[in-house]
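Close look at the chain arrangement
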Amino acid sequence: MKDMVAILNLSLSQHWLTYCPLMFKIQLMICNALNIGNIFYKIFKIILFDDSNVSHFDFETDLFQPHYRLLTILLFAIWGFVGFNYMGIILASTYLIKLDTTCPTQMDLQNLDPSSSSSQCLPLTNADLVEVLVTSFAEIPGLIIAMFLIDVIGRRNTLLVGVVLFFLSCLFLNICIGGTMLSVILFTARASITACYQTLFVYAPEVYPTAFRAVALGTGLSASKVAATITPYIAQVLLVKSIHVALIIYGAAALIVLISSCLLPTDKTGKKLEEIE
């Protein structure tokens, strides 16, 4: 009981911070700035109870140590641009389906100008909603294809197949197409980028040691979310001004993912986790 009281009386110290993972340090500092740091610390100190249970992690010396530096940089780039393209195709699909062409005339653009509507909003027709729903279902075959290919041709090759299909979809979208063909291309693009995204969740944890495997996955996922916050400026602002420029940007992002995937130094397909510690 005395030990528990002593723990509750402890305050934030540099000694404790030296044993915390990077993100935990940041959380503690923010909470301390809000005058709730002591409470936050005490709760987690009771759960962990002693410093021996806290993992020792240094972002720079672990993820960026010489053996993993190239892998980490490439994966961060892949995570970021895949997240950028994944959210971008989701946001762009609705506008392209409503427009029903990738080469609109001036009249088409005027009809889609929100200022021409009294509600400042352009509602989708029933046919538009059906097409949006169909393209949304593309994520299901994308997941299934990724699930089977990662063990057949490998994680890295699955990533390559997905990003090549997405890149080709961006090229075809730059051609003047519409109607059913437009829906097919959007379906293919969304399925392929979904396959890439899900493959990363399998590949990334396998190539790092257990000591910082979860941190590597979480940091890569954070990079994709940061990139996803940028993509609305392309898919909802630039796309309205120039469809082709926006699609070229997404194609260029896919090309960067393709090159980075080719440069990935390792693929752990078929190996048990015990063999890659």
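To start, this report covers the structure provided alongside it. What you are looking at is a predicted structure, and each value in this text was computed from that prediction instead of being measured.

1. What about a nonpolar patch on the surface?
- Residues V152, I153, V161, V164, L165, L168, L171, F172 and I175 make up a contiguous nonpolar surface patch of about 730 Å² in total accessible area.
- Looking at the nonpolar patch element by element, the count peaks at six residues for helix α10 (residues 155–173).
- Tracing the backbone through its elements, the reader meets V161 in helix α10.
- Looking at V161, the relative accessible area reads 36%, which means it is partly exposed.

2. Concerning the pattern of salt bridges
- Inspection of every chain in the model, using the stated rule, returns three salt bridges.
- The residue R190 makes a salt bridge to E139 at a minimum N-O spacing of 3.1 Å. Taken together, the residues span a long stretch of sequence, with R190 in helix α11 (residues 179–206) and E139 in helix α9 (residues 139–152) at a distance of 51 residues. Pair check on accessibility: R190 and E139 agree, each one buried.
- Across the pair R155 and E206 runs a salt bridge, and its minimum N-O distance is 2.8 Å. With R155 in helix α10 and E206 in helix α11, this residue pair connects regions lying 51 residues apart in the sequence.

3. Regarding the packing of aromatic side chains
- Inspection of every chain in the model, using the stated rule, returns five aromatic pairs.
- Between Y86 and Y197, the ring centres sit 5.0 Å apart and the planes meet at 35 degrees, which makes this aromatic pair tilted. Note that Y86 is positioned in helix α6 (residues 69–99) and Y197 in helix α11, a separation of 111 residues in sequence. The pair formed by Y86 and Y197 is uniform in burial state, with each residue classed as buried.
- On the basis of an interplanar angle of 70 degrees and a centroid distance of 5.6 Å, the ring pair of Y197 and F201 is categorised as edge-to-face. Of this pair, Y197 and F201 both sit in helix α11, separated by four residues, roughly a single helical turn.

4. Some points on helix α13 (residues 232–241)
- Buried residues of α13: I234, A235 and L239, and no others. Looking straight down α13, one finds that the buried residues subtend no more than 85 degrees of arc, so they occupy a single side. The exposed residues of α13 that point more than 90 degrees off its buried face are Y233 and K241.

Calculation criteria
- Residues numbered from 1 in each chain as written.
- Predicted model: local features only at pLDDT ≥ 70, side-chain atom pairs only at ≥ 80, totals over all residues.
- Heavy atoms only, no water.
- Patch = residues over 30% accessible without salt bridge, like charges linked within 9 Å, V, L, I, M, F, W, Y side chains within 5 Å.
- Areas by Shrake-Rupley, 256 points an atom, 1.4 Å probe, with all protein chains shown as cover.
- Salt bridge = Lys/Arg side-chain N within 4 Å of Asp/Glu carboxyl O.
- Helix = DSSP H or I, 4+ residues; strand = E, 2+ residues; numbered from the N terminus.
- Buried < 20%, exposed > 50% of the residue type's maximum accessible area, 1.4 Å probe, protein only.
- Phe/Tyr/Trp six-rings, centres within 6.5 Å; stacked < 30°, edge-to-face > 60°.
- Arc of directions from axis to C-beta.

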